[in-house]
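# Summary of structural features
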Amino acid sequence: MRILIADDEYLVRSTLVSMLGELGISKDWIDEVDNGEALISQIQTATYDIAFIDIRMPKMNGLEAIEKAKSIAPYTKWVIVTGYSEFSYAKEAIQLGVSNYLLKPISINELGEVISELLQENQKYALLLNQQFESDINSIYQELQYLEKLEINYTEHIKYMTFCINTNSFDIALRNNVMQKLYGELREKIKNIITPNIRIVFLNRQGVDLTLVLAWGFLGNHEEAEEIVNNFYKSLKVMLLKYRCTGMELTLIHSEAVDSLDNNFKYLHCIYNMCQLRILKPSEHIFTLNDLKDMWEQAEDSQLQLVDNCSGLFDAFYSNNYLAFMSHVDTLDKLINTHEQLLLDDFKKYLNPLLESYDEGNTTIEKLKQIAHEYLVKTKSTDDSQMDSINQIKLYVQKNYMKDIGIYQIADKLDLTPNYLSTLFKKKEGITFMKYLTKTRMLIAKELLTNNNITVSQVANQVGFNSARYFSKLFKNYYNIYPSELKHKNSN
């Protein structure tokens, strides 16, 4: 939290800094100015959550300064600090959208209450902005809408970065348990990091356990935001160490920061296509995209074959495809028997830690065959539970299609990771969750439009769209006719 104090009296400023320190706010996050013009200059250099402003200051009074500063800092909460003789300015302050009034001398209890109230408001608003961003980013990625059609500008001044967390394990219960805990902890951490200037969202993507897209600079202030992003990256590495355990591989791969969403998605696809190369360096757990590119350029053909087959092996395991799993086991057996010792070492170093619970005397290939017979053949109960999850998703959509919902809310309710649920839904239904949700909304909207007493805007709202304009564009893409045209056609 960053705070600005504007008052021409040094004693007032120092007293506020001291009281804020008692409330747990470091002076490193507090800036001071002594006049209105300095306030305007300062507000352009940093993003402030709260600004305490005196009314009577030299060069420009507090109310004039607030009026000019609001367009520069639209998300800052403004608090007037004033004496009784200046209380007549209250009406003008309210018109300017001032959040609160503090009368001098200020008590620490009053100050604490105001800060607590304003921080809750800020966090609530930041969460709403983050929710909208998450919905937009996932919709763009699922090709349900295009960047140029969005009503909010996600192109100017914004930087993007992507983190992908990958796992492999032959213990499904362990994998799901660890990823669910990691996902929950990340969700809570993100709530305390996001601001109107920083967004951190989960991207719904099959084949990768968790994908995070970070975006910052919405208010044009990059330096301060980048420090927060760097701290988040450090905490993410610590979190991964915490959740690493025997029987499961856990890896973090990230892109570099880019200045467009298109480039971010290009880097993202590169990570998705190359992430299994981590198999060639089993002792490392954090990679950049450039690391993967170097590994790709330096790898021997036999190593790339090993990566491809190990990747296919896990895909078959997670989808309960016994025949495909055994086919990859046979191919891997031939590979390690016909190629150099280096390939065998790569293979064993990566897979053996994941196979420690199986018979010690067996070779790696024998252990894989044991897995196939013990787990993959017995899929009936798993299929039943998976179909139950799919049915719960469909039921949730039927009851909540009119709300701002996504796979993340449903995953939380079912105590599963979003990626697992998304992959399962696509596998069983043949379409992504987002496309299923859109299809449901479009079908219901088409039916509602037969009612002459309801407007297009009301229909949009009733099927979960805040913007009638965006709803109309999506409806046109879906049915090749605008809802207003269909409504007119139905009325005739």
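Definitions and limits used
Residues numbered from 1 in each chain as written. Predicted model: local features only at pLDDT ≥ 70, side-chain atom pairs only at ≥ 80, totals over all residues. Heavy atoms only, no water. Helix = DSSP H or I, 4+ residues; strand = E, 2+ residues; numbered from the N terminus. Buried < 20%, exposed > 50% of the residue type's maximum accessible area, 1.4 Å probe, protein only. Contact = heavy atoms within 4.5 Å. Areas by Shrake-Rupley, 256 points an atom, 1.4 Å probe, with all protein chains shown as cover. Pairing = 2+ DSSP bridges. Axes fitted to C-alpha atoms, helices over the stretch in contact; angles between N-to-C directions. Patch = residues over 30% accessible without salt bridge, like charges linked within 9 Å, V, L, I, M, F, W, Y side chains within 5 Å. Salt bridge = Lys/Arg side-chain N within 4 Å of Asp/Glu carboxyl O. Lys, Arg positive; Asp, Glu negative; His and termini not counted. Charge placed at Lys NZ, Arg CZ, Asp CG, Glu CD. Right-handed = clockwise from strand over helix to strand, strands pointing away. Core = buried A, V, L, I, M, F, W, Y, C linked by side-chain atoms within 4.5 Å. Phe/Tyr/Trp six-rings, centres within 6.5 Å; stacked < 30°, edge-to-face > 60°. Lys NZ or Arg CZ within 6 Å of the ring centre and 35° of its normal.

### Topic: the overall build of the protein chain
Helix and strand counts for the protein chain come out as 20 helices and ten strands. Evaluated residue by residue, the protein chain yields a buried proportion of 52% over its 492 residues. Of the contacts formed within the protein chain by residues at least 6 apart in sequence, a portion of 68% connects residues at least 24 apart. Accessible surface for the protein chain amounts to roughly 23,700 Å². Of this, 47% is attributable to carbon and sulfur atoms.

### A word on the sheet that holds strand β4 (residues 77–82)
Reading across from one edge, β2-β1-β3-β4-β5 is the order of the five strands in this open sheet, with parallel pairing throughout. Both outer strands of the open sheet, β2 (30–33) and β5 (100–103), are each paired with one neighbouring strand and no more. Taking each pair of neighbouring strands and ignoring which way they run, the sheet shows an average axis angle of 20°. When strand β1 (residues 3–6) meets β2, the two strands line up parallel, connected through four bridges. Bridge assignment links Ile3 to a residue of β2, and that residue is Ile30.

### Quick look at a negative patch on the surface
Negative charge collects at one region of the surface, where Glu284, Asp291, Asp294 and Glu297 lie side by side. Inspection of the secondary structure puts Asp294 in helix α9 (residues 289–298).

### What to know about the pairing of strand β3 (residues 50–54)
Counted residue by residue, β3 has five buried out of five residues, so it is predominantly covered. Of the two faces of β3, the one holding Ile50, Phe52 and Asp54 and the one holding Ala51 and Ile53 are both buried throughout. Where β1 meets β3, four bridges bridge the pair, whose relative direction is parallel. Within β3, the position partnered with Ile3 by the bridge is Ile50. Strand direction decides the pairing type here: β3 and β4, joined by five bridges, are parallel. Across the sheet, Ile53 pairs through a bridge with Ile80, a residue of β4. Running through helix α3 (residues 62–69), the crossover from β3 to the neighbouring parallel element β4 is right-handed.

### Looking at the nonpolar core
Ranked by size, the top nonpolar core spans 63 residues in total, and within it Ile165, Leu186, Ile200, Leu212, Phe232 and Phe471 carry the most contacts. Top contributing element to this core by residue count: helix α7 (residues 222–243), with eight residues. Discounting chain neighbours no more than four positions away, the residues touching Phe471 are Met442, Ala445, Val456, Val459, Ala460, Val463, Phe465 and Pro483. Leu203, Leu268, Leu277 and Ile336 belong to the second largest nonpolar core, which has 54 residues in total.

### Focus on the sheet that holds strand β10 (residues 286–288)
Here five strands make up an open sheet; going across it, the order is β7-β8-β6-β9-β10 and the pairing mixed. The open sheet has two edge strands, β7 (198–202) and β10, and neither has a second partner. Between one strand and the next, the sheet's axes are offset by a mean angle of 20°, whatever the strand orientation. Packing against the sheet, α7 makes contact with β6 (159–169), β7, β8 (210–216), β9 (248–254) and β10, and its axis sits at approximately 165° to β9. On the sheet, helix α8 (residues 261–274) packs against β6, β8 and β9 and is oriented at approximately 20° with respect to β6.

### Considering the packing of aromatic side chains
Taken as a whole and judged by the stated rule, the model has 15 aromatic pairs. Plain terms: the ring middles of Phe314 and Tyr350 are 6.4 Å apart, the flat faces sit at 90° to each other, and that makes the pair edge-to-face. On the criterion of sequence distance, the pair formed by Phe314 in helix α10 (residues 301–318) and Tyr350 in helix α12 (residues 341–351) is long-range, its members being 36 residues apart. The same class applies to Phe314 and to Tyr350, which are both buried. Measuring from ring centre to ring centre gives 4.8 Å for Phe475 and Tyr479, while their planes differ by 50°; the resulting arrangement is tilted. Remark: Tyr479 and Phe475 occur in helix α19 (residues 468–479); sequence separation between them is four residues, near one turn of the helix. An aromatic cluster is present here, built from Phe170, Phe314, Phe317, Phe325 and Tyr350 joined pairwise through their rings. When the ring centre of Phe465 is taken as reference, the NZ or CZ atom of Arg441 above it lies at 5.4 Å.

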